[in-house]
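Next come the chains, spelled out residue by residue.
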Amino acid sequence: MSLELLADLLGAARKAGADRADAILVARTSLSVERRLGTTETLERSESRDLGLRVFTGARSAIVSATSADPARFAELAERALAMARVVPDDALADLCADAAPPEDSSGLDLVDDAEPDVDALVARAETAEKAALGVRGVTNSEGGSAGFGRTEMFLATSAGFAGRTARSYHSHSASVIAGAGTAMQRDYDYHGATHLADLDDPAAIGHSAGERAVSRLNPTRPKTGRMPVVYDPRVSNSLVGHLSGAINGASVARGTSYLKDRMGEQLFRRGVFIHDDPRRVRGSRSGTFDAEGVPTRPRAFIEDGVLTSWVLDGRSARQLSLRSTGHASRGTGGPPSPSATNLSMAAGEPSPAELMADIGEGVYVTELIGMGINGLTGDYSRGAAGFMIRGGALAEPVAEITIAGNLIDMFAVLQPANDLRFRRGTDAPTIRVDGMTVAGA
C-alpha cells in the first residue's frame, strides 16, 4: 500500500511539471523503558510516518518533506517542491542514479524479528540489567538500566520505475552505574543491540559487565607524557575504522577535503589487513539489498591486503569523480542522498589480545575516547582517553584524563589487529595495537 502511495505522489509531481522525481516514506515504531533504583522513570512509545519528495526540472532540484502521507496533500507538496526547484541554481550533479535496478528479495537477510516485546518484558530486562550491575561490589549508585525495541520500514520509488521496500527490527538493553564516592567516583556502562531478540546478550551479563567496568576504573592515575604503544579495546577500536570511512567518503574526496584523496591504490596498512563492507550480512544492523537510490548493494573490500581499493560512493559523488556508485547512498526524508558505509568491519588478525600486548613494557590500553579531535585535511589525531596502563605485557592500574595523539596515516601504516572480532555495532573491529603514539599525561 505504501508503494502505491509513493506512486501517486510521483504522479502528482509529474502533473506539477517535474521532469524526474523520487519519493521516500519511512515508518517507525519504537518502545523503550528506563529504570533507576527499582523505579520505572521513563516509558516511551512512538509511531511516525515521514514522507520525502525530491523533484527535478532540468538541472534544478528541490526536496520537501511531511509528517503525513495524506494523498489529499500530494498535489500541494509537489507544487511546493517545483516552485522551490525553479528558483535554485542549476546543479548538474544532482539526478536520479542511473545504476538503480529492480530490488532483489531480501528475506534471506532475516532482518525482521516477528517477536515484539511488551512493556512488562522490557521492564524485566531493564530491571535485571540494573540489579546485576548494582550487585557488583564497589558499585554505589546507578544511572539506570534500559531496554528497547524498534521496527523501521522504508519505501523508495522513482519516476524511472524503481520501487522497493526494506524493513528491520531492533532490540537492545543497557546498564550504566557509578562506583566509589565523592570526588573519587567513576562511571561506566555496557550495552548490546541486535536485530533479533534471540541474539541479545543476557541482560544480567550486560549489567554485571557495567558494574565491573565502573569498579575497575577507581583511583586512576596519569602516566608521564611520552611515546608508547596504544592498544584499543574493541569497544573503541571501531572508531579507527570510522575515521577511515570518513576519509574515503566520496563526498569528502570529491570536495578535496580528505587526507586520503590522492591515495587510491596505495598501501595504507600492513599486508594482511582487510576492511570490508557487507550490506548483505544476515541479521546485520545496516543490511539491505538496495541503497537509498535503488542501487543494488554488494559486499566490498575497501582495504584489501592493506591497499585502498575503493571510495564510498553514492550517485552524486560518483558523477563528480567520473566513477560509478558503489551502492552506498543513504538518506532521510528531508535531504538528498549522501554516501555512507553499511556493515563495515576490520578483519580479525592472527594474535590474541594477550599476544598482541605481550612485548609491551609500557603502554596504554584505551577503553574510552572523548572528543573528536580529527583534522580531515591532514589526518592529525588527538583525543581524550581513559583506560589502563600496560606494564610487562599485562593490564595494570587505571588511567584517566590523558590525551593520545598521532597522525592517522602513520597510525594506519603500523596498526595490528587481534583475533577477537565480534559483530556488535555496525562498524566493528577487533582489539587494535598502534605503536609510537604520543600519550600526554602528567
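Refer to the structure above for everything that follows.
So, a few notes on the structure that sits alongside this text. Remember, it's a predicted structure, so these values are computed and weren't measured experimentally.

**A few points about the packing of helix 1 (residues 2-16) against helix 2 (residues 74-85)**
One way to put it is that helix 1 packs onto helix 2 with a least axis distance of 8 Å and a crossing angle of 50 degrees. When the axis of helix 1 is compared with that of helix 2, the two are oblique. Pair helix 1 / helix 2 crosses with right-handed handedness. Contacts between helix 1 and helix 2 involve Leu5, Asp8, Leu9, Ala12, Ala13 and Ala16 from the former and Phe74, Ala75, Ala78, Glu79 and Leu82 from the latter.

**A short note on helix 5 (residues 234-247)**
Over its 14 residues, helix 5 runs 21 Å from end to end, which matches the ideal 20 Å to within 8%, given 1.5 Å per residue. Of all 14 residues in helix 5, 11 are buried; the element is thus mostly enclosed. Turning to helix 5, its buried residues number three or more, namely Arg235, Val236, Ser237, Asn238, Ser239, Leu240, Val241, His243, Leu244, Ser245 and Ala247. The opening residue of helix 5, the one whose side-chain oxygen lies 2.8 Å from the backbone nitrogen of arginine 235, is aspartate 233.

**A word on the packing of helix 3 (residues 119-134) against helix 4 (residues 203-216)**
Closest axis-to-axis distance for the helix 3/helix 4 pair is 7 Å, and the angle between their directions is 35 degrees. Handedness of the helix 3/helix 4 crossing: right-handed. Contacts from Arg125, Thr128, Ala129, Ala132 and Ala133 in helix 3 reach Pro203, Ala204, Gly207, His208 and Gly211 in helix 4. Residue composition of the contact of helix 3 with helix 4, grouped by class: 5 nonpolar, 4 polar and 1 charged.

**Some thoughts on the pairing of strand 15 (residues 380-391)**
The buried fraction of strand 15 amounts to 9 of the 12 residues, a majority that puts the element mostly inside the structure. Bridging between strand 14 (residues 362-374) and strand 15 involves 10 bridges; their strand directions are antiparallel. Residue pairing in the sheet places glutamate 368 in a bridge with alanine 386 of strand 15. Adjacent in sequence and paired antiparallel, strand 14 and strand 15 are bridged by 5 residues, among which glycine 379 carries a positive phi angle near 85 degrees. Bridging between strand 15 and strand 16 (residues 394-407) involves 10 bridges; their strand directions are antiparallel.

Rules used throughout
- Residues numbered from 1 in each chain as written.
- Predicted model: local features only at pLDDT ≥ 70, side-chain atom pairs only at ≥ 80, totals over all residues.
- Heavy atoms only, no water.
- Axes fitted to C-alpha atoms, helices over the stretch in contact; angles between N-to-C directions.
- Helix = DSSP H or I, 4+ residues; strand = E, 2+ residues; numbered from the N terminus.
- Parallel < 35°, antiparallel > 145°, perpendicular 65-115°, else oblique.
- Left-handed = near helix turned anticlockwise from the far one by under 90°.
- Contact = heavy atoms within 4.5 Å.
- Expected span 1.5 Å × (residues − 1).
- Buried < 20%, exposed > 50% of the residue type's maximum accessible area, 1.4 Å probe, protein only.
- Polar contact = N/O pair within 3.5 Å; in protein donor to acceptor, adjacent residues only side chain to side chain.
- Nonpolar A, V, L, I, M, F, W, Y, C, P; charged D, E, K, R; others polar.
- Pairing = 2+ DSSP bridges.

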